[in-house]
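Working through the structure, step by step
Next come the chains, spelled out residue by residue.
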Amino acid sequence: MSKFKPTSLVFLMVILFPFTASVGTKYISSASFMTANAQDTSCPSPDDLVPQLAVDIWARVGSGLTHNVRETASTQAAIVAQVPDGDIFRVIGGPICAESFVWWQVDYAGTQGWMAEGDPKTGQYWLTVLDGQNSPTPEPENGLKTSGCQKPPEDYKRVLVNGEQLNDRTLAMLDYAQELYSADSGVIHFRTSIMQGSYNPGGVAASFGTHDGGGAVDISVRDPQNHQILTAAIAPMLRALRFAGFAAWLRDTDVLYKGSPIHIHAIAIGDAELSDAARAQIDGTFGYLRGYDGLPRDDGIPQPDKSGDMIVCQWMVEMGFHDLRPTAGQGNG
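Residues numbered from 1 in each chain as written. Predicted model: local features only at pLDDT ≥ 70, side-chain atom pairs only at ≥ 80, totals over all residues. Heavy atoms only, no water.

Comments concerning helix α3 (residues 231-243)
Heads up, the condition is: Only protein chains enter the area calculation, which uses a 1.4 Å probe; residues under 20% of their type maximum are buried, those over 50% are exposed, and those in between are partly exposed. In this description a helix means any DSSP run of H or I spanning at least four residues, a strand means any run of E spanning at least two, and both kinds are numbered starting from the N terminus. Whether two residues are in contact is decided by their heavy atoms, any of which lying within 4.5 Å being enough.
Among all positions of α3, only Ala-233, Ile-234, Met-237, Leu-238, Ala-240, Leu-241, Arg-242 and Phe-243 are buried. On the buried face of α3, the contacting elements are α2 (168-183), β13 (216-220), β14 (246-251), β15 (263-268) and α5 (314-318). A positive backbone phi angle near 115° is found at Gly-245, which sits one or two residues after α3.

What about the state of the cysteines?
Here, disulfide denotes a covalent bond that connects the sulfur atoms of two cysteines. We apply this condition: Cysteine sulfur atoms that come within 2.5 Å of each other are treated as a disulfide pair.
As enumerated under the stated definition, the model contains one disulfide in all. A disulfide bridge connects Cys-149 with Cys-313, and the sulfur atoms are separated by 1.9 Å. One disulfide, between Cys-149 and Cys-313, carries an S-S torsion of -75° and so falls in the left-handed class. Of this pair, Cys-149 sits in the loop between β9 (127-129) and β10 (158-161) while Cys-313 sits in the loop between α4 (276-283) and α5, and the two are 164 residues apart along the sequence. Summarising the burial analysis for this pair, Cys-149 and Cys-313 share the class buried.

Some thoughts on the confidence of the model for the chain
Stated precisely, the cut-off is as follows: For every residue, the predictor reports its confidence as pLDDT, a number between 0 and 100.
On average, residues of the chain score 84 in pLDDT, and 81% of them reach the 70 mark or higher. Segment residues 1-39 is flagged for pLDDT under 50; beyond a separation of four residues in sequence, or across chains, it makes 87 contacts in the model. Low confidence marks residues 141-145, where pLDDT is under 50. Its contacts with residues over four positions away, or in another chain, come to 18 contacts.

Some remarks on the pattern of salt bridges
Note the following rule: Salt bridges, as used here, are contacts in which a Lys or Arg side-chain nitrogen is within 4 Å of a carboxyl oxygen on Asp or Glu.
Tallied over the full model, the rule gives 11 salt bridges. As a salt-bridge pair, Asp-155 and Arg-60 come within 3.5 Å of each other at their nearest N and O atoms. Of this pair, Asp-155 sits in the loop between β9 and β10 while Arg-60 sits in strand β1 (residues 58-61), placing them 95 residues apart in sequence. Note on accessibility: Asp-155 and Arg-60 belong to one class, buried. Here Asp-293 makes a salt bridge to Arg-297, at a shortest N to O gap of 2.8 Å. A network of salt bridges, in which partner residues are shared, links Asp-56, Arg-90 and Glu-179.

Regarding the packing of aromatic side chains
Rule in force here: Pairing of aromatic rings covers Phe, Tyr and Trp, the last counted by its six-membered ring, and requires centre-to-centre distances within 6.5 Å; plane angles under 30 degrees mean stacked, over 60 mean edge-to-face, and any other angle means tilted.
The final tally for this structure, using the stated rule, is five aromatic pairs. The interplanar angle of 40° and the centroid separation of 5.8 Å between the aromatic rings of Phe-101 and Trp-126 together place this pair among those described as tilted. You can see Phe-101 sitting in strand β5 (residues 101-108) and its partner Trp-126 sitting in the loop between β8 (124-125) and β9, a full 25 residues away along the chain. Owing to a relative accessible area of 11%, Phe-101 belongs among the buried residues under this scheme.

Concerning the packing of α2 against α3
The criterion, for reference: Every axis in this analysis is a line fitted to C-alpha atoms, fitted for helices over the stretch in contact. Angles between the N-to-C directions lie between 0 and 180 degrees. For classification purposes, an angle smaller than 35 degrees is called roughly parallel, one larger than 145 roughly antiparallel, one from 65 to 115 roughly perpendicular, and anything else oblique. In this scheme the handedness of a crossing depends on how the near helix is turned from the far one: anticlockwise by less than a right angle means left-handed, clockwise means right-handed. Only Asp, Glu, Lys and Arg are considered charged in this grouping, and only Ala, Val, Leu, Ile, Met, Phe, Trp, Tyr, Cys and Pro are considered nonpolar; every other residue, Gly among them, is considered polar.
Remark: α2 packs on α3, axes separated minimally by 8 Å, with the N-to-C direction vectors making an angle of 130°. Between α2 and α3, the interaxial angle falls into the category oblique. Our pair here, α2 against α3, has a crossing hand that is right-handed. Counted together, Leu-174, Ala-177, Leu-180 and Tyr-181 of α2 and Ala-233, Pro-236, Met-237, Ala-240, Leu-241 and Phe-243 of α3 form the full contact between these two elements. A class-by-class count of the residues in the contact of α2 with α3 yields 10 nonpolar, no polar and no charged.

Digging into the sheet that holds strand β12 (residues 194-196)
Each strand in a sheet pairs with another by means of backbone hydrogen bonds, the pair being arranged parallel or else antiparallel. Our working definition: Two strands are counted as paired when DSSP detects at least two bridges linking them.
Read from one edge of the open sheet, four strands run β12-β13-β15-β14, paired in antiparallel fashion. With partners counted over all chains shown, the strands left at the sheet margins are β12 and β14, one partner each. Taken over all neighbouring pairs, the strand axes of this sheet differ in orientation by 30° on average, direction set aside. Note that β13 and β15 share five bridges and pair antiparallel. Each residue of the ladder has a partner; that of Asp-218, found in β15, is His-265. Against the sheet, α3 touches β13, β14 and β15, its axis set at about 160° to β14.

Here's the deal with unusual backbone geometry
The step from Gly-94 to Pro-95 runs through a cis peptide bond, and the omega angle for that step is 0°. Its location among the elements puts Pro-95 in strand β4 (residues 88-98). Residue Ser-185 is not a glycine yet carries a positive backbone phi of 65°. Relative accessible area serves as the criterion here: at 61%, Ser-185 is assigned to the exposed category. Its identity as a non-glycine residue notwithstanding, Tyr-199 has a phi of 55°, on the positive side. Along the polypeptide, Tyr-199 turns up in the loop between β12 and β13.

Structural notes on the environment of Arg-242
Relative to the helices and strands, Arg-242 resides in helix α3. We classify Arg-242 as buried; its relative accessible area is 1%. With 27 residues separating them in the primary sequence, Arg-242 and Ile-269 have C-alpha atoms 9.5 Å apart. If sequence neighbours within four positions are ignored, Arg-242 has contacts with Ala-248, Trp-249, Tyr-288, Asp-305, Ser-307, Gly-308, Asp-309, Met-310, Ile-311 and Met-316.

Okay, here's the thing in C-alpha cells:
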C-alpha cells in the first residue's frame, strides 16, 4: 500500500556522486552480468556501469535529488513513489536492462516498484549500498523461526523520520516490518505512525531510559484519520516487527502511567547504540528473550510476554542472542 501518489512523470537526470560504499565483495560480476544479458542490446557495458546492488540488501539514494520508483522498468512508467536523497530502501528483484539502464525492483517502506541504478554514460551511480552488509545468503533450516527473517545492515547514520530521530539500521528494520505487514494487507504506515524515536535522553520519563540511545521506536496503533484504535492491526504489526528483528510489545492504555497512550514499543535486537535500559529489555531479567514483557517492576517479579510468539532468527543467534526461556528447547519452530 502506498502513501505516495505523485503525478509527475519526469525522469530525473542529475549529476550524482560516485559509488563509495564498501560492502566487501561485489555481488554481481561483470562476466555474470554480461552473460545473463547477452541478448539485450540495451544493456550498458559492464565496463561503464558494473551493477553494485543485489537482491536482499538495503541501499540508499545518493543522487542529491529525489529518485523515482516506477511501476515497471521504464522511464515512461507511472511513478508509484519517490525516494528523497539519503533515504533507504530494500532490493527485492532484478537486475534487468531496459532503455540502456540497469533496473532493480525495490521495496520502499511497503511500496514496490523499479529504480534505475545509475547513468552508464558517465559511470555514476544513483543508488548506493548501506554499510555493514555481506553478500546475502539464505538462513539455514535449523529449527529456529527463520522464515521471513532478514538480517539488517550495520549502518548507524542518523536520520529524521516523522520528526523523530532513528539510525538507518533501525529504519531498515522498520521498513522491512512494513514490507511484511503490507503484504498481509496492513493498513498502518509505520513511518508516519512513529510516536517516539531514538537518541531522546530524558524525553519521556515513563520510558525509563529505553529511548536514550539508538534502536528504540514507539508506533501508534490508531487510525491517523479518526484516531480510533485499530485493534485488528495490532497482532500482525507485532509479528512483522518481531520478524524484522525487534523485541516488540503492545503497551496498552494506562500501562506506563495514568493516561499513557496505547502504542507498540520496539527495541532493535543487536543495535550497537542501545541504551543500557533498552538492552535490558532484550535479554535482561525482565527481557523479551526470557519470555517477559520488558517492564521492570518494583517487586522484582517479571510478567509474561502477552504480545505474541517470540521470534529468534539465525542472525540473532550469530550475534549472541538466544531463546533464554527456562523451557526453551533447541529453538522455535
